[in-house]
Amino acid sequence: MPDAGPEHRDARPKRTRGTIAVVLASIVTIAGWVAIGSAPPPPVPNDVLVSPEQSFDDGAREWVPMQFDGSGGFTAVARGFDEIVAVGTGRRIDAEPFAYQSVDGVTWNAATLPARPGDVIGSVVWTGDAYLATGYRPDLGSGIPPAVTPAAWNSPDGLTWSESPTDGLPAEGMIGRTVFDGSRIMAIGWEGLGVFEPTNPPPPGTSGRVWSSDDGQSWTDVTPPGTAMIFTDVIEVDGVVVIAGASGGHPAVWTETGPQEWQQTDIDTPTEDETVVSIAGREGQLVAIVRTAADVEGIVTVWSAPIGGAWSRIDRRVPPDSSGWVRWIDGTLFAGAGFTRTVFPDGPELWTSASGNRWSGIEVTAGVSPWPPTVIAAVSKAGDQVTAFGSRGGMPTAWILQPPQRDSSEG
């Protein structure tokens, strides 16, 4: 498959699958164990479980890879009216981020992105008339943890980007994830020093922040009241903005109840120092992934609640290992690991579930070598086409789920 190069070369996938030979410059392994509490999980009332549905099944279909130029991996994807845009971040801390655009999900064009070495893009949204990508810019010479500045880019078509003003954002801090709720852009992040590894939690001394913007250029601080808050994810459900994270070392979820008004709901986990690392929602129902924030390979639990209601643990079967994100897409919960520079989790690369209490692991690289490692950071679906975005061997890669091959003898 030709690489999608800077001259907008065709990036159609090959019809054969093979081992991708990549030499990784370095891999830093972070090892650790999460202390598991002995207290049993709370009972699960049947009325908090999502109605059973037919679970996602890739069956006899094949995940066909598309590999792109550059170092790093895709971090987020968004769909506009006529195109799809995928953004990513370099694997090296001095690499530049990148963006690609496609109108059919098969042929991809490299975008012109005015970014600097080390810039990180962690989110992209379609606002109805433009795309907005957000992240942060580290000072590569400032030490560890680095000094960082919020950064944003906008584009009308996903191909030509301009750097956006960040009026109202702190001089030192970062934007994590964003969502467009139909009228505003809501962003989460923190104020203070940053990180080189995007999966790391905020450094000590930082303050979690929530911002709102009508135009992606001027921002207002709408942080919920509280102390020791970490914000990890933000979604929109039925017109309501919901934020996930932790408060005082305990998993918590914030639901917007009015202009700059929030309802905080804690999750009563049996272990300490855990965080809601990601949250998904639909039709008034939420599903949360909870684990220790600092351990991307830590033990995961899955919880469910109606919006603004009490949380109950629902994972009765094997939960999705190493999960850093979860999203509901056309009735299916998809979960996977977040973009990482240094940690490549073991186990299935993608997880799916109909309701959150029965998960199936999916290997998008089934039938080929598990090395170099693969990370799936986002999934997109248009019609019957499912595409997974991430990296393989430290290179940006996407996989299209192809329909079963038709037997030629059928005519």
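If you're wondering where the values come from, they're calculated on a predicted model, not measured in any experiment. (Residues numbered from 1 in each chain as written. Predicted model: local features only at pLDDT ≥ 70, side-chain atom pairs only at ≥ 80, totals over all residues. Heavy atoms only, no water.)

### A look at the overall build of the chain
If you tally the helices and strands in the chain, you get 0 helices and 28 strands. Among the 411 residues that make up the chain, the fraction classed as buried is 56%. (Helix = DSSP H or I, 4+ residues; strand = E, 2+ residues; numbered from the N terminus. Buried < 20%, exposed > 50% of the residue type's maximum accessible area, 1.4 Å probe, protein only.)

### A look at the pairing of strand 12 (residues 207-213)
The buried fraction of strand 12 is high, at 5 of 7 residues. When strand 12 meets strand 13 (residues 220-221), the two strands line up antiparallel, connected through 2 bridges. Across the sheet, residue S212 finds its bridge partner in strand 13, namely T220. Hairpin remark: strand 12 followed by strand 13, antiparallel, with 6 residues in the connecting loop; positive phi at G216, about 75°. (Pairing = 2+ DSSP bridges.)

### Overview of the environment of W399
Inspection of the secondary structure assignment puts W399 in strand 28 (residues 395-402). For the pair W399 and T365, spaced 34 residues apart in sequence, the C-alpha separation works out to 9.1 Å.

### So, empty space enclosed by the protein
Summed over the entire model, instances satisfying the criterion amount to 1 cavity of 30 Å³ or more. By volume, the largest cavity is sized at about 30 Å³. Taken together, V253, T255, T265, L286, P306, G308, G309 and W311 make up the full set of residues lining the largest cavity. Looking at the lining of the largest cavity residue by residue, the class counts come to 4 nonpolar, 4 polar and no charged. (1 Å grid on protein atoms, 1.4 Å probe; cavity = no way out; pocket = protein on both sides within 12 Å on 5 of 7 lines; lining within 4 Å. Points joined across faces, edges and corners; volume = space filled by probe spheres on them. Nonpolar A, V, L, I, M, F, W, Y, C, P; charged D, E, K, R; others polar.)

### Describing the environment of T232
With respect to the helices and strands, the residue T232 is situated in strand 14 (residues 229-237). Excluding anything up to four places from it in sequence, T232 contacts R177, I188, A244, G245, T275, V276, V277 and S278. Polar contacts involving the side chain of T232 include one to the main-chain carbonyl oxygen of V276, which spans 2.4 Å. (Contact = heavy atoms within 4.5 Å. Polar contact = N/O pair within 3.5 Å; in protein donor to acceptor, adjacent residues only side chain to side chain.)

### Focus: the pattern of salt bridges
This structure, assessed with the given rule, holds 11 salt bridges. For R327, the salt bridge goes to D233, with nearest N and O atoms at 2.8 Å. One end of the pair, R327, is in strand 22 (residues 325-329); the other, D233, is in strand 14, and 94 residues separate them in sequence. By relative accessible area, D233 is classed as buried at 0%. One salt bridge connects D315 with R313, and the closest N-O pair in it is separated by 3.2 Å. On the accessibility criterion, D315 (11% relative accessible area) is buried. (Salt bridge = Lys/Arg side-chain N within 4 Å of Asp/Glu carboxyl O.)

### As for the sheet that holds strand 27 (residues 385-392)
Overall, antiparallel pairing links the 4 strands, which are arranged 1-28-27-26 in an open sheet. Since the sheet does not close on itself, it has two edges, and those belong to strand 1 (62-67) and strand 26 (374-382), each with one partner. With strand direction ignored, the average angle separating the axes of adjacent strands in the sheet is 25°. Bridge count for strand 27 against strand 28 is 6 bridges, and the pairing is antiparallel. Across the sheet, T387 pairs through a bridge with I400, a residue of strand 28. (Axes fitted to C-alpha atoms, helices over the stretch in contact; angles between N-to-C directions.)

### Things to note about the sheet that holds strand 21 (residues 312-313)
Ordered in space as 18-19-20-21, the 4 strands form an open sheet in which the pairing is antiparallel. Looking at the sheet topology across the chains shown, the edges are occupied by strand 18 (275-282) and strand 21. Pairing analysis gives 2 bridges linking strand 20 (residues 301-306) to strand 21, with the strands arranged antiparallel. Bridge pairing in strand 21 links S304 to S312.

Interpretation note: all reported values are geometric properties and have no functional meaning in isolation.
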